[in-house]
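# Coordinate inspection notes
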Amino acid sequence: MRLNPYLNFDGTCEEAFKFYEKCLGGKIEAMLTHEGSPMAEHVSPEWRGKIMHARLVVGDTILMGSDAPAEHFEKAQGISVCLNVEKPAEAERIFHALAEGGAVRMPIQQTFWAARYGMVVDRYGTPWMINCEQAS
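Reference entry: report on the structure contained in this document.

The rules behind these values
- Residues numbered from 1 in each chain as written.
- Predicted model: local features only at pLDDT ≥ 70, side-chain atom pairs only at ≥ 80, totals over all residues.
- Heavy atoms only, no water.
- Pairing = 2+ DSSP bridges.
- Helix = DSSP H or I, 4+ residues; strand = E, 2+ residues; numbered from the N terminus.
- Axes fitted to C-alpha atoms, helices over the stretch in contact; angles between N-to-C directions.
- Contact = heavy atoms within 4.5 Å.
- Parallel < 35°, antiparallel > 145°, perpendicular 65-115°, else oblique.
- Left-handed = near helix turned anticlockwise from the far one by under 90°.
- Nonpolar A, V, L, I, M, F, W, Y, C, P; charged D, E, K, R; others polar.

Spatial strand order, E1-E4-E3-E2: 4 strands in an open sheet with mixed pairing. Of all strands in the sheet, those with a lone pairing partner are strand E1 (6-9) and strand E2 (27-33), marking the two edges. Each strand of the sheet is rotated relative to its neighbour by a mean of 15°, with strand direction disregarded. The pairing of E2 with strand E3 (residues 51-58) spans 6 bridges and is classified as antiparallel. Paired with Met31 across the strands is Ala54, a residue of E3. Strand contacts of helix H1 (residues 13-24): E1, E2, E3 and strand E4 (61-67), with the helix running at about 5° to E3, the strand carrying the most contacts.

Structure (structure tokens):
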């Protein structure tokens, strides 16, 4: 069994996933639009170029997402995507990239459990926790 985060966007899924691919060092394996699919006739013409399903592979983890039409879109609330990073410098780099244009909830810093830990909501509205545990 595997749990995979699935993110919803208000029309910015493609842009967000291209950013995550670059920021997290992953690879987009799928970026499907409504256009050309059996779903095309079920969405408005201006929505057909929006993402029906995206899949990003980062290491052995999969991040998925899609665009949700306004009547179905809800901002992420009460959740965060937790990213565990091995090196403090990498945690810092990713945190600052995600924070650009977003909102820092807790600056990245050393804590009693982590060499680096910080919380940020990125420019696409996704809440993140960046964690780099202390060496044993």
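From this point, things continue past the structure.
Let us look at the packing of H1 against helix H2 (residues 88-99). Interhelical geometry of H1 versus H2 gives an angle of 160° and a closest axis separation of 10 Å. Here H1 is positioned roughly antiparallel relative to H2, judged by the angle of their axes. Between H1 and H2 lies a crossing of right-handed hand. Of H2, the residues touching H1 (which contributes Phe19, Tyr20, Cys23 and Leu24) are Arg93, Ile94, Ala97 and Leu98. Here the residues of the contact of H1 with H2 are counted per class, giving 7 nonpolar, no polar and 1 charged.

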